Amino acid sequence: MKINSRRTPLISFLALALLCCAPVAKSLATADYEVYVSNEKSGDLTVIDGSTAKVAATIPVGKRPRGVHASPDGRTIYVALSGTPISGPPPLDAQGNPILKKGQDDDDDEAKADKTADGIGVVDAAQKKFLRKIPAGSDPEQFSLSPDGSQLYVANEDVGTASVLDITSGKVEHIIRVSREPEGVGTTPDGKTVYVTCETAGAIYAIDAKTYRVLAQLKVNPRPRSVDFLPDGTRAFVSSESAGQLNIIDSVNYQLLRAVELPKGSRPMCIKVAPDGKKVYVSTGRGGTVCVLDTATDELLNTIKVGARPWGLAISPDGKLLYVANGPSNDISVVDLATEKEITRVKAGEGPWGIVIVAKVK
């Protein structure tokens, strides 16, 4: 059959488009889950269907949603809400440290904070509906859950505390004093210890999840942002944004083992360990990439180019895809972890911040 030469470029273009779409379709074909994205500026959650990479719903939740997690059964989504005004990222000095006025935090703003907006929002995953807001102390940002889902451990950034919230009663039952600007919160896989990172002093607190006693306090370079653990709980990984480092911690003996230098320009934010524990993924903020490291050797294996100022990360239940929240570009990068390449982007709300993935509720 003779092909009209004038149509050949069009045919070639269509063939190329189909070829490019093939990896996306293959990766998403069996994705029976939903991706929840907290949008800090638009005050809502974007729900993405994992099988189509399309937005399935938008759920208004309140002011400044950031940290987001799901109940163990995946039927309830929790999201941290705050009435403290949003401020832009601070300027950096030559060493990458934030330039702040004396006594100032990077979330300080002259505008009056609306404390009535603070709390943990509760969302029904089946109905895609905001249910209520429960108290969680002042300016909650990040938090983690106990393994049974009965308690939330919440960082209260503007008052230097961590709150223990009982889900059943909806009340804060314990308040733990930590250092300035508590940020990241993580529960060890066995549920026995809660880690809280504090930005200003570079402090990491290990707290007993039953007695709420501080077991240890570690020092790292300033602005530790988040924490995650190996599946067996023997190692913790904590980012130091200002220094561009990933801290490796012996979480059994509460000792800093080493600080791994990330590529120049990295401002590490969120950390996610692969389900099999072999790799750790680190979003680099202003670096515009996700770093991939080998957990056995702490060696940098790759950097994956994603969107602008990536923050939150989540790994699909089957371990095949990585979802990355790109704040300034208001979208989510979907990365194929087999090839370690971005395969598509999905539009979110304004200022996507955190991500959690749950199985579709039947």
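Further up the page is the structure itself.
This is a predicted model, so every value here is computed, not measured.

Reading the values: rules and limits
- Per chain, the residues get numbers from 1 upward, laid out in the order the sequence is written.
- The predicted nature of this model means local features are confined to residues of pLDDT at least 70 and side-chain atom pairs, given and counted, to a pLDDT of 80 or more, with totals for whole chains, interfaces and linings taken over all residues.
- The side-chain figures draw on all heavy atoms in the structure; neither hydrogens nor water molecules are used.
- Under the scheme used here, helices are H or I runs from DSSP no shorter than 4 residues and strands are E runs no shorter than 2 residues, and both carry numbers assigned from the N terminus.
- Burial classes: relative accessible area under 20% of the type maximum marks a residue as buried, over 50% as exposed, and values in between as partly exposed (1.4 Å probe, protein chains only).
- Contacts between residues were defined by any pair of non-hydrogen atoms, one from each residue, lying within 4.5 Å.
- Areas reported here follow the Shrake-Rupley algorithm with a probe of radius 1.4 Å; residue values treat only the protein chains shown as occluding.
- By nonpolar core we mean a set of buried residues, namely Ala, Val, Leu, Ile, Met, Phe, Trp, Tyr and Cys, connected to one another through side-chain atoms within 4.5 Å.
- Paired strands, as defined in this entry, are two strands with at least two bridges between them according to DSSP.
- Here an angle of 0 to 180 degrees is reported between the N-to-C directions of two axes, which are lines fitted to C-alpha atoms, with helices fitted over the stretch in contact.
- Cavities and pockets were defined on a 1 Å grid built over protein atoms only: a cavity is a set of grid points that admits a 1.4 Å probe from which the probe cannot escape, a pocket is an open set flanked by protein on both sides within 12 Å along at least five of seven lines, and lining residues are those with an atom within 4 Å of any such point.
- Grid points are joined across faces, edges and corners, and a volume is the space filled by probe spheres set on the points.
- Three categories are distinguished: nonpolar for Ala, Val, Leu, Ile, Met, Phe, Trp, Tyr, Cys and Pro, charged for Asp, Glu, Lys and Arg, and polar for the others, with Gly belonging to the last.
- When a carboxyl oxygen of Asp or Glu lies within 4 Å of a side-chain nitrogen of Lys or Arg, that pair is called a salt bridge.

K.L.:
Whenever I open this one, the overall build of the chain confuses me. Can you help?
P.N.:
The helix and strand tally for the chain stands at one helix and 28 strands. In the chain, which comprises 362 residues, the proportion classed as buried is 56%. Sequence separation of at least 24 residues holds for 44% of the intrachain contacts in the chain that already meet a minimum separation of 6. Carbon and sulfur atoms form 53% of the exposed surface of the chain, whose accessible area is close to 16100 Å².

K.L.:
I tried to follow the nonpolar core on my own but got confused; where do I start?
P.N.:
Here is a general trend for soluble globular proteins: nonpolar side chains tend to be buried in one another's company. Judged by nonpolar contacts, the single largest core of 16 residues is most densely connected at Tyr33, Val35, Tyr323, Ile332 and Ile355. Going through the elements one at a time, strand 1 (33-39), strand 25 (321-326), strand 26 (331-336) and strand 28 (352-359) are the ones with two or more residues in this core. Beyond its immediate chain neighbours, meaning those up to four positions away, Val35 contacts Thr46, Val47, Ile48, Tyr323, Ile355, Val356 and Ile357.

K.L.:
Help me out: how do you make sense of the sheet that holds strand 23 (residues 300-305) in this one?
P.N.:
The pairing of strands in a sheet comes from backbone hydrogen bonds and takes either a parallel or an antiparallel form. The strand order across the open sheet built from four strands is 20-21-22-23, with neighbouring strands paired in antiparallel fashion. Edge positions in the sheet fall to strand 20 (271-273) and strand 23, since each has one partner strand and no second. When strand polarity is set aside, the average angle formed by the axes of neighbouring strands in this sheet is 20°. Note: strand 22 (residues 289-294) against strand 23, five bridges, orientation antiparallel. Each bridged residue has a counterpart across the sheet, and for Leu293 the counterpart in strand 23 is Leu300.

K.L.:
Looking at this model, I keep getting lost on empty space enclosed by the protein. Mind explaining?
P.N.:
Empty space left among the atoms is revealed by rolling a probe the size of a water molecule over them. Counting across every chain of the model gives one cavity of 30 Å³ or more. There is about 70 Å³ of room inside the largest cavity. Lining the largest cavity are 13 residues, and of these Tyr153, Ala162, Val164, Ile176 and Val194 sit closest to its centre. Within the residue set of the lining of the largest cavity, elements represented by two or more residues are strand 9 (151-156), strand 10 (161-166), strand 13 (193-198) and strand 14 (203-208). No other element matches the three residues that strand 10 contributes to the lining of the largest cavity. Residues belonging to the lining of the largest cavity are distributed by class as follows: 11 nonpolar, one polar and one charged.

K.L.:
Where do I start with the layout of surface pockets in this structure?
P.N.:
Taken as a whole, the largest pocket encloses approximately 1300 Å³ of empty space. Together, 46 residues line the largest pocket, and His69, Ala70, Asp228, Lys272 and Val356 are the ones closest to its centre. Those elements that provide at least two residues to the lining of the largest pocket are strand 4 (68-70), strand 8 (140-145), strand 12 (182-187), strand 16 (224-229), strand 20, strand 24 (310-315) and strand 28. The element that contributes the greatest number of residues to the lining of the largest pocket is strand 28, accounting for seven residues. Grouping the amino acids of the lining of the largest pocket by side-chain chemistry returns 28 nonpolar, 14 polar and four charged.

K.L.:
Where do I start with the pattern of salt bridges in this structure?
P.N.:
Working definition: two side chains of opposite charge can pair if their charged atoms are close together. Across all of its chains, the model carries 18 salt bridges by this definition. Between Lys360 and Asp49 there is a salt bridge, with the nearest N and O atoms lying 3.0 Å from each other. On the criterion of sequence distance, the pair formed by Lys360 in the segment after strand 28 and Asp49 in strand 2 (residues 44-49) is long-range, its members being 311 residues apart. We classify Asp49 as buried; its relative accessible area is 18%. With a closest N to O distance of 3.7 Å, Asp331 and Arg345 form a salt bridge. Residue Asp331 is located in strand 26, and its partner Arg345 is located in strand 27 (residues 341-347); the two are separated by 14 residues in the primary sequence. Connected through shared salt-bridge partners, Glu183, Glu199, Arg223, Arg225 and Glu241 make up one network.

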